[in-house]
Amino acid sequence: MYLGLSILSLARFQFAMTTVFHFFFVPLSIGLALLVAIMETVYVVKKDVMYKHMAQFWGRIFLLSFAVGVVTGIIQEFQFGMNWSDYSRFMGDIFGAPLAIEALVAFFMESTFIGLWMFGWDRFSARLHCAFIWLTSIGTMISAMWILAANSFMQNPVGFILNAKTGRAEMTDFGAVVSNPQLWYELPHVLFGAFVTGSFVVAGMAAFGLLKKKNVTFFRKSLKVSLIVGLIATIGVVGMGDLQTRYLINEQPMKFAATEGLYEDSGSPASWAVIEGIDAKNHKAKWSVEIPYVLDILSYHKLEGNVKGQNTINKELHAKYDKKFGKDMNYYVPAKTLFWSFRVMAFSGGLFALIAIIGLIFNRASSTLIERQRWFLWVLGICTFLPFVANTAGWFITELGRYPWVVYGLLTIADAVSPNVSVASLLTSNIIYFCLFSGLGIVMIVLSKRVLHHGPDDLLNAADDAPYDPYGKGAFSHE
Amino acid sequence: MSNLQFLWFILVGVLFSGFFFLEGFDFGVGMSIKSLAQTRDERDVVIHTIGPHWDANEVWLITAGGAMFASFPMWYASLFSGFYLILLLILVALIMRGVSFEFRSRMESEAGRNFWEWAAAIGSGCAAFLFGMMFTALVKGMPIDANGDMTAHFTDYVNLFTLVGGVAVTLLCYLHGLNFVRLKTTGTLRERALKWAKPLYWVLFAGEVVFAILLYFNTDFFQKKPVSTLIIVALLVVLTALATYGVYGNHEWLSFISSGLSLIDVVVLLFNGLFPRVMVANNPANSILIKNASNSPYTLHLMTVISLTVLPIMLIYFIWSYWVFYKRLAS
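Here goes a summary of the coordinates provided. Computed from a predicted structure; not experimentally measured.

A few words on the side chain of Glu252(B). Residue and element names in this part refer to chain B. For Glu252, the position within the fold is in helix α12 (residues 252-274). Residue classification places Glu252 among the buried positions, given a relative accessible area of 10%. Look past the residues within four positions of Glu252 in its chain and what remains in contact with it is Arg182, Leu183, Arg190 and Arg328.

See the structure below:
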């Protein structure tokens, strides 16, 4: 202890900070890659050059996001060894494999084809060039699959044994690790969330573009593509979220009960607290605004049934784990954070659906409503930032709801941290990352604004000339 | 030690070799942005030589790290937690350098471009230097306890041997980068890269001799494996001589391949000396051994099957992307 700080709290703070920051750019890159791929596909199919310019213009934001996503991702890979060495020793047999496969299968694919895409506009046929962005996009999704396979094991360990001699978890069934139900609930939810992020960033930026009344056709077409994808993705993310929630009731009941602010068993039928005053210290709800039946609908898609409260689950967990982990364990998760995070996430989902529908109606080809309803463009513009809040809220639930374990039921967070790293080292790295991320975040916003401010003029005006390509014909001398 | 453990020790070495061969010239090119290139046009060209490739090259490092985690988690855990501060600085360097190319292209002022050019140059230089320093310290022997936890002090990281190791790797990368620029450009840049490489190769020879002497006194390489160590060190000198010949005779491919192979030779020197250990402790009893550091046979077997299936496919498109952009750039 030093300045009242422990390596555990500093390492946890660092994991939260680096992961949240990294995960601003991951869903943005996954979502933008898909949108750009769709735009370029429309160009290839319809031969409408406007869509090529859209792919190029939004591709600029994608490339910025991708760059920051890559560099912050390296921190993640190093972090397990640096801050969580005992975790790495315990879990290496299972956790290392998906990480290595992710690099081998997905990272090489996305980084190679993004290079070909970036520098290959003039060198390849339109179809082949379009294939590059699809391969990049698929690469980003495969990458998400493998890292979530690793995360899913931490949420719901399967396909392993505990080696009594070494005290380590050892993989016995790779098939089980990959077919972990947790993964297949989590992955579609995360991917749809990423598509929502990419869509609403494009939609929001296009709305800002429309407010300036320049390049109206360009931005209206961008808005149309992004809102269609956004609407489908929102339906997907809400639907998959619902499936995942109902899975949680059985697999991680404490996490579920905390997101609903439920301390005592609900009885049947269960009413749902829209908002609630939580007394986390005494494990009870001070007051709440409730709607009858809704919790049963959310939990079981029925109008009856009891949902267990945190106090009951706490007792069950003690009964189950006290033999191994001792009586002093605290199984309550950060209740307020989970409760409000869930509401932020769910509210955002509803808002996205509503806005996408209104936007698509306003933006019909026969109408100029979208250009005249400036208030709506402002709402859309502000929505550029909302997906990031919603994504972060989702991860707060997933990760904090796993407390006190780093690997559910197997390894506590306290036992996972590097024993040999000093508070001073961790404090230094936290400060450095904080400064670095603040700087990168500001630069990202400034540069994205700049890209938007300049608009697609250079692309539209240079329609006949090829964009500058250092590898293009004429740009080099043959020998 | 099982065959699979041995195979994975080699595979981790192969991945680090790939990283140093490829990222070696990336680092060199990065440093060249603020040294070799003297006008904005030249800086554009220098950056474009690695533009389509640097990101995929860096994936070799991520794959090496992942492979280490997937095969030898005890090695990964001890190395990464032990070399905490060096790795922190490496991360900062890689981050600044990684974003610099994209951010620079969006800058409108001279000052803005200048900032990100320096970020690329310093980031590349520091990353090369720090990797050199870390791997030198790794073979020197570090304070590691019986649990495999390393608690090193400043002088364990930073001493004459590790500094020379860091400088040598930086110089190797820089020359590798110059050789790459010679291959990929025309005109003044190409000529200047040649001109600069000539005196630097003599500095490199001197550095290699100093490094070899320090290696003798600071590691057990020459005591435990005199023959193989001598052969590898001799090979390093031969490769440097070939590169020098390539510089003076203006054989561009010869210089480039030789400088790349000399970086690989350094990795081979390291892994040969490490074997059968993965981490060298001050107290030999605490050194971490291949046979104790690895994952279960099940995981190693699984990773072998997957890697040997995926690697050939990946190499095909990886090499294809180089072939596609194999053209010289003019300023």
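Looking now at the packing of helix α2 (residues 49-83) of chain A against helix α7 (residues 216-251) of chain A. Residues and elements named next belong to chain A. The interhelical angle for the contact between α2 and α7, taken along N-to-C directions, is 75°, at an axis separation of 10 Å. Of the possible angle classes, the one that applies to α2 and α7 is roughly perpendicular. Within the contact between the two elements, α2 uses Met50, Tyr51, His53, Met54, Phe57 and Trp58 and α7 uses Thr217, Phe218, Phe219, Lys221, Ser222 and Val225. Tallied by class, residues from the contact of α2 with α7 come to eight nonpolar, three polar and one charged.

As a further point, take the pattern of salt bridges. Residue and element names in this part refer to chain B. Applying the stated criterion across every chain, the model contains 22 salt bridges over all chains. One salt bridge connects Arg113 with Glu110, and the closest N-O pair in it is separated by 3.2 Å. Remark: Glu110 and Arg113 occur in helix α6 (residues 110-140); sequence separation between them is three residues, near one turn of the helix. Take Glu110: its relative accessible area is 45%, and that puts it in the partly exposed class. Through salt bridges with shared partners, a single ionic network connects Lys34, Arg43, Asp44, Arg104 and Glu117.

Moving on, we get to empty space enclosed by the protein. Scanning the model with the defined rule gives six cavities of 30 Å³ or more in all. Around the largest cavity, the lining is made up of 37 residues, and of these His22(A), Val26(A), Gln76(A), Glu102(A) and Ile147(A) lie nearest the centre. Contributions of two or more residues to the lining of the largest cavity are made by α1 (7-46), α2, α3 (85-119), α4 (126-155) and α14 (386-400) of chain A together with α3 (54-71) of chain B. At nine residues, α2(A) tops the list of elements feeding residues into the lining of the largest cavity. For the lining of the largest cavity, a count of residues per class yields 21 nonpolar, eleven polar and five charged. In this structure, the second largest cavity occupies an estimated 270 Å³ of space. Residue lining of the second largest cavity: 21 residues in total, with Phe135(B), Thr136(B), Val169(B), Phe211(B) and Val266(B) positioned closest to the centre.

Before going further, it helps to spend a moment on the packing of aromatic side chains. Each aromatic ring pair is summarised here by two numbers: the centre-to-centre distance and the angle between the ring planes. As enumerated under the stated definition, the model contains 77 aromatic pairs over all chains in all. Look at Phe153(A) and Phe160(A): their rings are 5.4 Å apart centre to centre, the planes differ by 80°, and that puts the pair in the edge-to-face class. Assessed through its relative accessible area of 23%, Phe160(A) is described here as partly exposed. A centroid spacing of 5.7 Å and a plane angle of 80° characterise the contact between Phe21(B) and Phe256(B), whose relative ring orientation is edge-to-face. Within this pair, whereas Phe21(B) is found in helix α1 (residues 3-32), its partner Phe256(B) is found in helix α12, the two being separated by 235 residues in sequence. Over the aromatic face of Phe339(A) sits the side chain of Arg343(A), whose NZ or CZ is 3.6 Å from the ring centroid.

Residue and element names in this part refer to chain A. When the terminal C-alpha atoms of helix α10 (residues 310-325) are compared, their 19 Å separation across 16 residues is substantially less than the 22 Å that a helix rising 1.5 Å per residue should span. At Ala319, α10 shows its strongest bend, of approximately 40°. Looking at the buried side of α10, the elements it contacts are α8 (253-259), α11 (335-362), β5 (405-407) and β6 (411-412). One or two residues past the end of α10 sits Gly326, with phi positive at roughly 90°.

Right, let's talk about the interface of chain B and chain A for a bit. Between chain B and chain A, the contact holds 72 residues from the first and 77 residues from the second. Carbon and sulfur atoms supply 72% of the area that chain B and chain A bury against each other, a total of about 6,600 Å² over both sides. If you sort the residues of chain B by the area they bury against chain A, Phe69(B), Tyr84(B) and Arg106(B) come out on top, with a joint share of 11%. Counting across the interface, chain B meets chain A through two salt bridges. Notably, a salt bridge pairs Arg89(A) with Asp149(B), separated by 3.2 Å at the nearest N-O pair. Those elements giving two or more residues to the side of chain B that touches chain A turn out to be α2 (40-50), α3, α4 (73-82), α5 (84-105) and α14 (297-324) of chain B. The leading source of residues in the side of chain B that touches chain A is α14(B), at 14 residues. Of the residues that constitute the side of chain B that touches chain A, the class distribution is 42 nonpolar, 20 polar and ten charged.

Calculation rules
- Residues numbered from 1 in each chain as written.
- Chains lettered and ligands numbered in written order.
- Predicted model: local features only at pLDDT ≥ 70, side-chain atom pairs only at ≥ 80, totals over all residues.
- Heavy atoms only, no water.
- Helix = DSSP H or I, 4+ residues; strand = E, 2+ residues; numbered from the N terminus.
- Buried < 20%, exposed > 50% of the residue type's maximum accessible area, 1.4 Å probe, protein only.
- Contact = heavy atoms within 4.5 Å.
- Axes fitted to C-alpha atoms, helices over the stretch in contact; angles between N-to-C directions.
- Parallel < 35°, antiparallel > 145°, perpendicular 65-115°, else oblique.
- Nonpolar A, V, L, I, M, F, W, Y, C, P; charged D, E, K, R; others polar.
- Salt bridge = Lys/Arg side-chain N within 4 Å of Asp/Glu carboxyl O.
- 1 Å grid on protein atoms, 1.4 Å probe; cavity = no way out; pocket = protein on both sides within 12 Å on 5 of 7 lines; lining within 4 Å.
- Points joined across faces, edges and corners; volume = space filled by probe spheres on them.
- Phe/Tyr/Trp six-rings, centres within 6.5 Å; stacked < 30°, edge-to-face > 60°.
- Lys NZ or Arg CZ within 6 Å of the ring centre and 35° of its normal.
- Expected span 1.5 Å × (residues − 1).
- Bend = angle between axes of the 7 residues up to and from the residue.
- Buried area = accessible area lost by both parts, 1.4 Å probe.

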